[in-house]
Structure formats: C-alpha cells, structure tokens
Amino acid sequence: MMIKKYNIFFKSLLLLAVIMAVFCSFNIHKDDPKRKVKIIVIDPGHGGKDPGCNGVSCKEKDVALAVALKFGKLIEENIKDVKVIFTRKTDVFVELEDRAKIANENNADLFISIHCNAAGKPVMIKDKKTGKMRPKTFKNSKGKLIVVETANPEPFGSETYVMGLKNEEGKMKVAQRENSAMLLEDNYETKYQGFDPNSEESYIIMSNYTSSYVIQSAGLALKIQEQYSKKAGRVDKGVHRQSIWVLWRTSMPSVLTEIGYLTNPQEEKFLGSEKGQNYLAACLFRAFRKYKDEQEGVKVAYTDELENQTPLEKEKYTIAEVKEEQATEKMEDEAEEEVKKENKELEDKVAKEKAKAEAEQKAKIEAESIANAKEAELKKAKADSLAEVQKHKTETEEQDKKYRQFIAMADINFKNKNYAEALDLYQKANGLKNDRDTYASKKIKEIDALNSVATHTATVKEVEQPKQEKEVGKTGIIFKVQFAATDKEVDAKVKFPNVTDVWFYKVGLVFKYTSGNYKSMEEATKQQSKLRELGYKDCFVAAFKDNIRMDINEAKKLTEGK
C-alpha cells in the first residue's frame, strides 16, 4: 500500500471512524436497514456539448460513459438486490445540479462520478522588459489574466476525490475543470447562487461546509484506488479532498474518480481500449462490492472470475522531458511580436464575437417573435376554418335530417290522401333545398293538380285585396313567405304578434298563413330570413297567381324572364 494513503488526513479519518464505530455500536445493530446499500447512482462525467478533456483520439465524455455502463452492468448481473441508476446513458448534456438532484431524489445510498484526467504546462515566452522567460498569458472577456497552456504528456495514473474540509494544495485545477461544466448551462450564475468555478474565493466559501459522509466516502475511495493499483496496473496517485460541486450537493457517501490521463499517449490508448475499460469497470465493481459488504456487516470471501481477474503489469510510461530550445534573437523578437499580435487579435475577436452574439441573439428573439406571431395567427385561422367547416357540416346534417323527416311524413300523408298536410310538408322540404328539390317539386305539382281549385276564405285579419293587387306586376304573380299552418282559423294578431302583413289561404281543412306580398323572389327571400330570426325556422317562399298557389320554379322563371 502506498505511503500517500497513510498521511495525516487518513489517519485522522480512520481515528474518527473508530470513535464513531465505538459510539454507534451501542445503538445500531449491524443488520440495521439504514446501513443497507440498495441504490447506487453512477454518474458518467460531462456529455453532449461538454466533451470534458480530450486526448489525441479520445474524448472524456465517451470514455467515462463506456466505463460507467460496463460498471453498472456488472452490478446488475452480479448483485441483484442493488438498483443501478445512471445520470446519463447516452451522449447528452446533464447539468451539475441535476446530477446531484437525481441521486438525492432517488434516495441513493451511494454516488460515484467517473471522469478522465488531463495535464497541462504553460507556454513560455521571453519577457521583453526583463529579458527573462515567463508564461504566455492573455486577458479573457472578464479582464482576467489567463495562462496559455499546452498538453503535458508526462503525468499518468489514477486518483479519487472526496468532498474535503479544505482544498488540498495543488489540486485546485481538478476542481476548476470538473466544475467548469456549469459555465455551459443557461443562467448558471443564478442557479449556482453566484458560485464561480474559476474563482478561488468561491472554493473558500464552499470548503466551510462539511460533509457528514466523508468517512464512508474516503473508505470507498481507498478501495477504488487499491483495485486500480492491484488489478488494472495503474499508478496510485492517492485519495484527495477537493470542493467539487456534485460531491458537495449529494446527500449520501460520494466520490469522483479520475481513471487516468487522456493527455498521456500511452494511458489514453489504455483508456480508449475495450480491455482497459473492462478492467477499470471491474475495479470499480470489486471496490463497490467490498464497500457494500462492510456497510452491511457481511463477511464474504469471493472466489468468482471477477475476483480472480488476472492483474495487469504495472504501467511504466516514460516520456522524454521536453526542453526549451534556445532561439536566435530574431526568432525571439518574432515570437514576442506574434504574442502581441495574438493578444490584439484575441481582444478584437472577443469584442467581435460579443457584438455578433448580441446581434444574433437580438435577431433570434425578433425572428422567434415573428414566427410565434405567424404561428399563432395560422393556428387561429386554422381553428376558425375548422370551426366554420364543422358548423356548416352540422347545419347541413341537421338540414338533411329535417328534410328527410318532412319527405317521410309527406309521403305518408300523400299515401293516405291527406293532400293538405302532404303539400305543406313537401313545401317545407323544398324550402330547405332552396325550392330546387326535384322530388318535392314533382309531388307539389301532383297535389296542385289534384287541388286545382283552392278554397280561399277571407277574414278581417286578411290583407286587403286592393292593396295586394297594387303589388302585383304584369305577370300577376306575387311571392309570399309561408310560416305556419293550423287546422282552424286563428286570430293572427294574437297568434303571431311579431309578424306583419299576415294573410292566409285554405287548402282543404288546413289554414296556411303567409307574410308579405312581393313582386320578386329576392324580396321574399329577405322576409324569409327575418322570419327565421323570429323563430319560424321552417318558413319558405310560396308563389301565387290570382290568390291561387302555383309552382315556385315556374313562378321564378316567369318573373325573372319578364
């Protein structure tokens, strides 16, 4: 076991664990269900628009996902009483807060976040004022001086992090890199309550919060590192404390493990291979199984294939140290000018990109507003059109239904030689078809032929004939709107108080009431509309010559062709 594992931090943790075990042993039975490990949340780091760190051919988000899925599958196949939940199972972007939220809302007993590491080294340039070499820097959009780095191929090995009481020296970059994913989220400053992953002050504030699960987390982290070293041939870079957001926000034991460096060519090859991923997943599985047994007070000696997996040879990567070459004075001057040019270009680019982004955002908002307005207008027009079509369809269906009822009743009366009732019903049916129904018109003619002489009984309620005759044109034809029929004469002013210009005629034993005297079909149709609004829905236009009912179509031909 490496010396790093036995530093003061872990001695303190182990001492604290012993003290806690002594005091808790008086109150908690080893089979207490609170200590059961039933749910584990596995968190593949990064994803989607956040690739994490990159090697030559591998991306962190892809390697982390592959190892996570293999790890989860081993649990599902070998430990049936444990439920595995992934924060993601595909290449999608999941916000940091949501990763912790998934674990908290599912009441997980353990949270393991899987990542890959990266190393960088500053690009050195000659300072024009002092003549000494210094790191190349630039100011970002917030005016902060940033050191320009290039990938460092030398570091390799695996390490695991727990939420610490304070940040360990030299490990701040890891926390900044893993927390920087929040910068890709919308409105991250509000969501994370002003936390800035690039500000050391934010980490000082965060480190003031302690985790009640640090002992269990450290115990699991030690087991993971032990497996990496014993079985996967990884160099053990130890367990460290750091203020990492997902560890801070999870309400259960949690660790973040860096399985290796993608910036190291040899280690990248191992991490990207099927064999390497299988070994790392098996290491995580054995560490988890041992942790679960300890938490539940179970002592089992495993002899299965996973436990007896053949150890890999210890990695011994050697990278030749990169030395700075001495350049000529001309080359140094050119380099300095290039740095100056790059800084100016960067500042101009930042300003242009900011202006472009603002313009694009404004254009996007305007375009979305216009598109939404058009879409709303289109939806309304479509809805209105559908409503109109439905209304017309309903009215047509109701009219057709009423038409069929009139025809059926008229045919029965006609068959029983009740011609007056049959005529009235045929006329109503013909009126529903704008007096163009072939069948109804034919039956009306037949009844008119049978009743060639209609009996007309004048009363005091009838329109005076002299006035009516004045309305008759050269054809002698007038149009009236028939709106009611009774089996006995009634007082029109009492029975139909809202109808003007009432007249009636008698067919057999039926009294039929009309309104108006018009020389044209068009004028009569207007009166028909008014009567329908008054409630006489079945009213229709009838034609008369010399006070005798005649075929409406013939009347229209004679009046329109005059």
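(A) Broad picture of the packing of aromatic side chains. Overall, the coordinates contain ten aromatic pairs when judged by the stated rule. Look at F414 and Y426: their rings are 6.5 Å apart centre to centre, the planes differ by 70°, and that puts the pair in the edge-to-face class. On the criterion of sequence distance, the pair formed by F414 in helix α11 (residues 329-415) and Y426 in helix α12 (residues 419-432) is long-range, its members being twelve residues apart. Its relative accessible area of 19% is what places F414 among the buried residues. On the basis of relative accessibility, which here comes to 0%, the residue Y426 falls in the buried class. Here F504 and Y513 contribute two aromatic rings whose centre-to-centre distance is 5.5 Å and whose plane-to-plane angle is 40°, an arrangement assigned as tilted. Here F504 matches Y513 in class, with each residue buried. An aromatic cluster of three or more residues is present, and its members are F483, F496, F504, F511, Y513 and Y536. Its guanidinium or amino end placed over the ring of F270, R234 lies 3.7 Å from that ring's centre, counting from NZ or CZ. In this structure, K433 packs its charged tip against the face of Y403, placed 4.8 Å from the ring centre.

(B) Examining the side chain of N152 more closely. With respect to the helices and strands, the residue N152 is situated in the loop between β9 (149-151) and β10 (158-163). Judged by relative accessible area, N152 falls into the buried class, the value being 13%. Residues contacting N152, with those up to four places away along its chain left out, are A119, G120, K121 and T263.

(C) Spotlight on the environment of T263. Along the chain, the position of T263 falls in the loop between β12 (254-261) and α9 (265-272). For T263, a relative accessible area of 14% gives the class buried. The sequence separation of T263 and G120 amounts to 143 residues, and the corresponding C-alpha distance is 8.2 Å. With residues up to four places along the chain from it excluded, the contact list for T263 reads N54, N117, A118, A119, A151, N152 and P153.

(D) Looking closely at the nonpolar core. I40, I42, F71, I75, I114, I259 and F288 are the most contacted members of the largest nonpolar core, which totals 47 residues. A per-element tally of this core places helix α10 (residues 274-295) first, with ten residues. With residues near it in sequence (within four places) discarded, I114 still touches I42, D43, P44, G45, A64, V67, A68, F71, T257, I259 and L284. In this structure, V481, A484, Y518 and V541 belong to the second largest nonpolar core, which totals 24 residues.

(E) The pairing of strand β14 (residues 502-507), seen in detail. With six of six residues buried, β14 lies mostly within the body of the structure. Judged by which residues are buried, β14 turns out to be covered on both faces: V502, F504 and K506 on one side and W503, Y505 and V507 on the other are all buried. For β14 and strand β15 (residues 510-518), the ladder comprises six bridges, and the chain directions are antiparallel. Within β15, the residue paired with K506 across the bridge is F511. Here β14 hands over to β15 after two residues, with G508 in that stretch at a positive phi of 65°.

Rules of the game
Residues numbered from 1 in each chain as written. Predicted model: local features only at pLDDT ≥ 70, side-chain atom pairs only at ≥ 80, totals over all residues. Heavy atoms only, no water. Phe/Tyr/Trp six-rings, centres within 6.5 Å; stacked < 30°, edge-to-face > 60°. Helix = DSSP H or I, 4+ residues; strand = E, 2+ residues; numbered from the N terminus. Buried < 20%, exposed > 50% of the residue type's maximum accessible area, 1.4 Å probe, protein only. Lys NZ or Arg CZ within 6 Å of the ring centre and 35° of its normal. Contact = heavy atoms within 4.5 Å. Core = buried A, V, L, I, M, F, W, Y, C linked by side-chain atoms within 4.5 Å. Pairing = 2+ DSSP bridges.

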